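The lines below spell out each chain.
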Amino acid sequence: MSTATRLTKLAEGLDSNGVLSAEKGGTGATTFSGGASTPSAVSDQANTSTGYFDLPVGTTGQRPASPGEGNFRINSTTSALEVYYLGFWSTIKSLGLSLAAGGTSVATDGNYKVHTFTTGGNFVVSQSASAFEVLLVAGGGGGANDVGGGGGAGGLIYQSALELPVATYVIGVGTGGAGSGSTSGRAGNGLNTTGFSLTAIGGGGGANYTGSGSVVTGATGGSGGGGVGYTWPSNGGAGTSGQGFPGGTGAGTTSGTGGGGGGATGAGVNGISYVTGFAAGGTGFTSLISGTSTVYATGGKGGGDNWTGAISSTPNTGNGGDGQGINASGGDGAGGIVIIRYRFQ
């Protein structure tokens, strides 16, 4: 409809005093006609239309020169719905898409941006409209030596639609715990990963054989470290609720395995008696957030007698390090990661 036609239609609804009134028709639409008008007649009406309500759209420079309290409009410069109240314009809600910067790497996956942090840094949100998908994984725990327990996976936090207002967010990424080559205590715990007021807890280290008859349990963490095998059962460490699972219990025999480290979606397998292989770590979390299907936060294997297959974990997955057989060091836990994904076009 042209501007001239709109003005003609508007004029038809004016009474002799130039007052425009509103009447709610039986179809739910509001029609205008001449006659007395009151605020409630115009404002306090239920609108059952499934159409649209037309708002003014303009740049920041096109704002009214003398706005009134309660005026609202769409600002095409800031892509935001705004209202004039208490003497200034305030954003009610950003519209459209989001924009941000920062990360060890930034990739494009179709209509989405993917920001990946493998070390600490700042994530700067300059426009917040669409929600952000976020994954935080802490560093994995180290694997232990001498039928040692597997390292627990780093704690994992996944948010499918996190609201992030315009701001600068500090990201911290935890490193993995060191694998143990000693016969005392435990392997190292992974370090925490932080961001967006969330903290993923580092994975627990696997338990070592001490040779002294003392029982050492797997360390607690995001996911717990596995218990040591050998001549007594050793419990796995506890996981953190909502982030990971406990480590498995050691076999408790001279020819058995340590318990597997806990994972993001499952507990470590208990140690297996009279085998020279390993006990599996707890299952991890599979995600497409990076654009590629990747498994994060898998528990490390519990080492078996004379098993020499221990390896350090895939970098920046938060996986636990593998436990080891006799007289060999366990694997290091993997460092953590933060990934943020959002629609930008």
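Here's a quick rundown of the structure. Here the residue index of a chain counts from 1 through its sequence in written order. With the structure being a predicted model, the display of local features is reserved for residues of pLDDT at least 70 and the display and counting of side-chain atom pairs for 80 or more, all residues being used for whole-chain, interface and lining totals. Each side-chain value is derived from all of the structure's non-hydrogen atoms; neither hydrogens nor water enter the calculation.

1. Some thoughts on the packing of aromatic side chains
Our working rule: Each aromatic pair joins two rings of Phe, Tyr and Trp (for Trp, the six-membered one) with centres within 6.5 Å, and gets the label stacked for planes under 30 degrees apart, edge-to-face for over 60, and tilted for any other angle. Each residue gets one of three labels from its accessible area relative to the maximum for its type: buried under 20%, exposed over 50%, partly exposed in between, using a 1.4 Å probe on protein chains only. Secondary structure counts use DSSP, requiring at least four H or I residues in a row for a helix and at least two E residues in a row for a strand, with both numbered from the N terminus.
In the structure shown here, the tally under the stated rule is seven aromatic pairs. On the numbers, 6.2 Å between centres and 90° between planes, the contact of F123 with F132 is edge-to-face. We note that F123, like F132, is buried. When the centroid spacing of 5.2 Å and the interplanar angle of 50° are considered together, the rings of F132 and Y342 count as tilted. Taken together, the positions of F132 in strand β11 (residues 132–137) and Y342 in strand β20 (residues 337–343) put the pair 210 residues apart, joining distant regions of the chain.

2. Thoughts on the nonpolar core
We count it as follows: Grouping buried Ala, Val, Leu, Ile, Met, Phe, Trp, Tyr and Cys residues that are joined through side-chain atoms within 4.5 Å yields what is termed a nonpolar core. Throughout, a residue-residue contact means that at least one pair of heavy atoms, one from each residue, lies within 4.5 Å.
The biggest cluster of nonpolar side chains holds 19 residues, and the ones touching the most others in it are F123, F132, L164, F196 and I340. Counting residues per element, the ones that place at least two in this core are β10 (121–127), β11, β12 (156–162), β13 (167–171) and β20. Ignoring sequence-local partners within four residues, the contact set of I340 consists of K113, V114, H115, F117, F123, F132, E133, V134 and F196.

3. Comments concerning the sheet that holds β11
The pairing of strands in a sheet comes from backbone hydrogen bonds and takes either a parallel or an antiparallel form. The condition is simple: Two strands make a pair as long as DSSP finds a minimum of two bridges between them. In this description, a line fitted to the C-alpha atoms serves as the axis of each element, helices being fitted only across the stretch in contact, and the angle between N-to-C directions of two axes falls anywhere from 0 to 180 degrees.
Read across the sheet, five strands follow the order β8-β9-β20-β11-β12 without closing on themselves; strand pairing throughout is antiparallel. Among the strands making up the open sheet, the edge pair consists of β8 (105–109) and β12. Adjacent strand axes in the sheet meet at a mean angle of 15° when their direction is disregarded. In this sheet, strand β9 (residues 112–117) lies alongside β8 in antiparallel orientation, the contact comprising five bridges. Bridging from a neighbouring strand, V106 pairs with H115 of β9.

4. Details of a nonpolar patch on the surface
Heads up, the rule is: Patch construction takes residues with relative accessible area above 30% that form no salt bridge. Like charges are linked within 9 Å, and nonpolar side chains (Val, Leu, Ile, Met, Phe, Trp, Tyr) are linked within 5 Å. Only the protein chains shown count as cover for residues, with accessible areas throughout obtained via the Shrake-Rupley method and a probe of 1.4 Å. Here, a salt bridge means any Lys or Arg side-chain nitrogen found within 4 Å of an Asp or Glu carboxyl oxygen.
On the surface, F53, F72 and I92 cluster together into a nonpolar patch covering about 350 Å² of accessible area. If you trace the backbone, I92 turns up in strand β6 (residues 88–94).

5. Comments concerning the side chain of S234
The cut-off we apply is this: For the purposes of these results, a polar contact is taken to be a pair of N or O atoms within 3.5 Å, where, inside protein, one atom must be able to donate a hydrogen and its partner to accept one; residues adjacent in sequence count only when each atom of the pair is a side-chain atom.
Along the polypeptide, S234 turns up in the loop between β15 (198–200) and β16 (278–279). Judged by its relative accessible area of 0%, S234 falls in the buried class. A polar atom in the side chain of S234 sits 2.4 Å from the backbone oxygen of V216. Sequence-distant contacts of S234, defined by excluding residues within four places in its chain, comprise A207, V215, V216, T217, G218, G227, V228, G248, T249 and G250.

6. Thoughts on the pattern of salt bridges
What the rule picks out here adds up to five salt bridges. A salt bridge links R341 to D109; its shortest N-O distance comes to 2.9 Å. Residue R341 is located in strand β20, and its partner D109 is located in strand β8; the two are separated by 232 residues in the primary sequence. Among the residues examined, D109 registers a relative accessible area of 27% and is labelled partly exposed. Residue K301 is joined to D322 by a salt bridge in which the shortest nitrogen-to-oxygen separation is 3.7 Å. Linking K301 in the loop between β18 (294–296) and β19 (302–303) with D322 in the loop between β19 and β20, this pair joins segments that are 21 residues apart in sequence. Residue K301 is classed as partly exposed on the basis of its relative accessible area of 26%. Linked by salt bridges that have partners in common, R63, R73 and E82 make up one network.

7. Re the pairing of strand β4 (residues 72–75)
On β4, burial follows the alternation: R73 and N75 on one face are buried, whereas F72 and I74 on the facing-out side are not. Sheet topology note: the β4/strand β5 (residues 80–85) ladder contains four bridges and is antiparallel. What sits directly across from N75, in β5, is A80.

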